[in-house]
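A closer look at the structure
One letter stands for each residue in the lines below.
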Amino acid sequence: MLSKNIKALVCYAERAGLLEPSDEAWAVNRLLEVLQADTYEEPECAASGSLTDILDNLCDCARETGALTEDSTAYRDLFDTKLMGAILPMPSVVQKNFRSLYESSPRQATDWYYKFSQDTNYIRRDRIAKDVKWVAPTEYGDLDITINLSKPEKDPKAIAAAKNMPQSTYPKCLLCRENEGYAGRINHPARQNHRIIPVTINDSAWFLQYSPYVYYNEHCIVFNSQHTPMKIEPAAFRKLLDFVKQFPHYFVGSNADLPIVGGSILAHDHFQGGCYTFAMEKAPIETPLTFDGFENVEAGIVRWPMSVIRLRSADDAELVELASNILAAWRGYTDEDAFIFAETDGEPHNTITPIARHRDGKFELDLVLRNNITTQEHPLGVYHPHEELHHIKKENIGLIEVMGLAVLPARLKEELRLLADALVSGSDIRADDRMVKHADWAEELKTRYTFTADNAEGILQKEVGRAFAKVLEHAGVYKRDEQGKQAFLRFIDSV
């Protein structure tokens, strides 16, 4: 059993291009060391199955040898990553291969690196496949809806172990370069199968990697080599455009740099990008704009639920300069009639979520105006999903959602299934703790639809899309009515 599965993993690695045939004996011995075994008999045939099956079998073998002491998802993840890490090429080899391919084509380099990141099980294909995804038509175009199931739930024993572990400051966060090759611990993922690619943007050292949870095609992360906080400033625009110069087939954007409207990791400067076309990119200009001194820059307000200024030019330096002027104006802008306050009690509120692309021979920047002010009525944020939408989305609206992709909590998979059944059968939604949060929404839907077993799921998916469009409208600082449009133009006049 042990030898067959070791052979299966080595053969898989050879097929995937992670090992050469001449590496086989070395690889077998590396795996024996990790498995705390010292005997190997060359099998007549390798065990069959997917990479997930092979690693699961080897984890079972490790339970028998004593190399794996706890049998839960968290501990098995740590161990199967250690197995993969034992037989992978060194970072320098991966970087050399990437650079060689880049000389031929940036797309060829990223295609190879994306496949490599999946073949190493850093991106767990089997878990990504579990995510629930659909496209919902709305007045703003087709929005992408995902229910994320790829992050494993921690079992109670692992949670207790993490709580009792001494605090560690290495690596400082999940994005730091020191994660490459790190063995992990119960409260920090193993990364022996992780390889990162150096990139230079704005004459500074950064790295490229893929997100292990890939919410969309080739979902990459570009992160600073230094553990330094997120900061939206003129240099950020320069870095974004430098990146799309080097990888013109990718978009790249940054979360905002303030709580509520920012991302989940504000302590480490980073961007997110990839090879994907979001609904916001397809959205047209609805109000053309001109800025004095920048007549060569195409500009306008985008037809989008959030408040977006789009800038286009063949001259990237012009875009950086104009975007910097808009940022400076927005940082200090107050319009009490529109409930826009630059600061209250010394706390700044205004920032921008920027996205860069290279399209049709021109550079493009989308500047999404953000404000994180809170009130007693909206303690989580005025420009944040309001309470009536929390049954669908309560979390912060970050870069990915801003562009039109909803990342919804895992609980919704079961809740929507139960809700569909209840709407068809007529059972009491308020009597079930798992569904009661959706009861008001369901009552309203029943006034517009007759639910059947054939249509219930489709109706709920469509209405979740409409709810997400409303979430984005709530996050927009200027509302999509005449009063909001006039307030938006007052800001434009101030730039």
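Let me sum up the structure you'll find in this document. Bear in mind the structure is a predicted one, so any value in this text is a computation, not a measurement.

Observations regarding the overall build of the chain
Counting its secondary structure elements, the chain contains 16 helices and 15 strands. A globule of 495 residues ought to have a C-alpha radius of gyration of about 23 Å, and the chain, at 25 Å, matches this closely. For the chain, the spread of C-alpha atoms along the principal axes amounts to about 75 × 60 × 45 Å. Burial statistics for the chain: of 495 residues in total, 55% are counted as buried.

Describing the sheet that holds strand β14 (residues 362-371)
Pairing is antiparallel in the open sheet, where 10 strands are placed in the order β3-β4-β5-β7-β6-β13-β14-β10-β9-β8. For this open sheet the edge positions go to β3 (197-201) and β8 (285-289), each flanked by a neighbour on one side alone. Sheet twist, expressed as the average angle between the axes of neighbouring strands with direction ignored, equals 25°. Judged from the six bridges that link them, strand β10 (residues 308-313) and β14 form a sheet pairing that is antiparallel. Its bridge partner being in β14, R310 is matched across the sheet by D366.

Some points on the environment of F339
Among the structural elements, F339 can be located in the loop between α11 (316-331) and β11 (343-344). Note: C-alpha distance between F339 and S48 (291 residues apart in sequence) is 63 Å.

A short note on unusual backbone geometry
Backbone geometry follows two general trends: most residues other than glycine have a negative phi, and most peptide bonds adopt the trans configuration. Residue P171 is reached from Y170 by a cis peptide bond, and omega for that bond is -20°. Even without being glycine, E218 reaches a positive phi, approximately 55°. Among the secondary structure elements, E218 is positioned in the loop between β4 (204-210) and β5 (220-224). Here E218 falls in the buried class, since its relative accessible area comes to 7%. The phi dihedral of D345 is positive, around 55°, even though this residue is not glycine.

The rules behind these values
Residues numbered from 1 in each chain as written. Predicted model: local features only at pLDDT ≥ 70, side-chain atom pairs only at ≥ 80, totals over all residues. Heavy atoms only, no water. Helix = DSSP H or I, 4+ residues; strand = E, 2+ residues; numbered from the N terminus. Rg over C-alpha atoms; globule rule 2.2 N^0.38 Å. Buried < 20%, exposed > 50% of the residue type's maximum accessible area, 1.4 Å probe, protein only. Pairing = 2+ DSSP bridges. Axes fitted to C-alpha atoms, helices over the stretch in contact; angles between N-to-C directions.

By themselves these figures say nothing about function.
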